[in-house]
Amino acid sequence: VLSPYADAKNKVQTVVAHRGASGYAPEHTFASYDLSHYKMKADYIEVDLQMTKDGQLVAMHDETVDRTTNGTGLVKDFTLAELKKLDAGSWFNEKYPALARPEYAGQKVPTLDEVINRYGTKAKYYIETKSPEVYPGMEQQLLKVLNKHKLLKKSRLKKGHVLIQSFSTESLIKVHQLNTAVSLVQLTDRGVVDTLTDQQLRDLKSFVMGIGPNYKDLTVKNTKRLKSFGFVIHPYTVNTEADMRRLNSYGVDGVFTNYPDLYKRIVNEK
Ligand code: G3P
Ligand code: CA
């Protein structure tokens with residue numbers, strides 16, 4: 001693994017824009033990613049992946065389109081053309097009238113390919129294989145798209161332009177078997193991190209660069225323990241200033257946040 005964190009001792013913490021700047025704009029739309037990338041200059045755009053009926057990878061958190069579009073049903077039952085007819089922004093205006101903006105209405109569900117086309121290979125992507133058991137071939141398709149955009153070049157991987165994260169260890173193993181140079185992050189559900197034995201952590205560390213725990217699980221003690229195995233630690237999803245400061249004081253390497261502007265201000269304080 002070409003770890004982008006290998007010589008990162010004095011590096012400031014990494015700002016991962018969770019579903020884009022999703023505290024301000026509809027998650028996983030260009031509106032949300034534009035805000036985090038161009039305006040707030042977060043380090044990473046976080047992209048959750050689902051797969052359409054015709055095998056296209058799209059940026060969406062849920063397995064169904066119900067919560068974040070005006071449609072209903074499973075992503076896997078939509079072709080990309082069908083999915084593109086949905087409005088992925090109006091729900092946000094309705095749910096958060098104080099944050100509503102006219103340009104959010106009519107936002108589309110982006111494909112991973114479109115996301116990389118838009119932000120280019122100088123941007124950094126923190127990509128999650130969601131529900132990989134529902135989507136056979138998801139990992140191959142992901143690497144195919146990354147390869148098309150030359151994001152699997154050693155120089156790009158070394159600088160951490162792509163990190164692949166999953167709750168599914170099997171999915172991470174699949175990616176690793178396809179390409180051993182890609183940096184991987186194991187996400188852990190609430191309550192799991194302290195159940196991992198030293199042996200399990202050593203096994204994970206043999207192919208995984210980092211751990212993404214639920215931030216509520218972290219303490220000074222278990223953060224130190226994870227660091228002692230050499231993991232980079234990126235807890236999710238940290239949205240208050242107090243939690244950001246507390247986790248930084250434990251020694252985390254960055255956080256997933258819906259408010260990248262807030263975390264960026266904190267990590268850049270002298
Ligand atoms: O990927 C980190 C964090 O986003 C995991 O939770 O449900 O928001 O994808 P979720
Ligand atoms: Ca995620």
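Small disclaimer: the values here were computed from a predicted structure and weren't measured. (Residues numbered from 1 in each chain as written. Chains lettered and ligands numbered in written order. Predicted model: local features only at pLDDT ≥ 70, side-chain atom pairs only at ≥ 80, totals over all residues. Heavy atoms only, no water.)

**Re the site of ligand 1**
Close to ligand 1 lie His 18, Arg 19, Glu 46, Asp 48, His 61, Glu 128, Lys 130, Gln 165, Phe 167, Leu 187, Tyr 236 and Phe 256, which account for all nearby residues. Note that an oxygen atom of ligand 1 is positioned 2.7 Å from one of the side-chain N or O atoms of Arg 19. In the model, an oxygen atom of ligand 1 is placed 2.7 Å from a nitrogen or oxygen of the Lys 130 side chain. (Near = heavy atom within 4 Å. Polar contact = N/O pair within 3.5 Å; in protein donor to acceptor, adjacent residues only side chain to side chain.)

**Structural notes on helix α7 (residues 169–178)**
The set of residues buried in α7 consists of Ser 171, Leu 172, Val 175 and His 176. Here the buried residues of α7 occupy an arc of 140° about the axis, which is enough to place them on one side. Residues of α7 that are exposed and point over 90 degrees away from its buried face: Glu 170 and Gln 177. The inward-facing, buried residues of α7 contact β4 (125–129), α5 (138–148), β5 (162–166) and β6 (183–188). (Buried < 20%, exposed > 50% of the residue type's maximum accessible area, 1.4 Å probe, protein only. Helix = DSSP H or I, 4+ residues; strand = E, 2+ residues; numbered from the N terminus. Arc of directions from axis to C-beta. Contact = heavy atoms within 4.5 Å.)

**So, the coordination of the calcium ion (ligand 2)**
Coordination of the calcium ion (ligand 2) by the protein is provided by Glu 46 (OE), Asp 48 (OD) and Glu 128 (OE), with metal-donor distances spanning 2.1 to 2.3 Å. Relative to the metal, the six donor atoms surrounding the calcium ion (ligand 2) lie at angles of 61 to 159°, and the coordination shape comes out irregular. In terms of primary sequence, the donors binding the calcium ion (ligand 2) are separated according to E-x1-D-x79-E. The buried category is assigned to Glu 46, whose relative accessible area is 2%. Asp 48 gets classed as buried once you look at its relative accessible area, which sits at 1%. (Donors = N, O, S within 2.8 Å, 3.2 Å for Na, K, Ca; no water. Tetrahedral: all angles 85-135°; square planar, octahedral: opposite > 155°, others 65-115°.)

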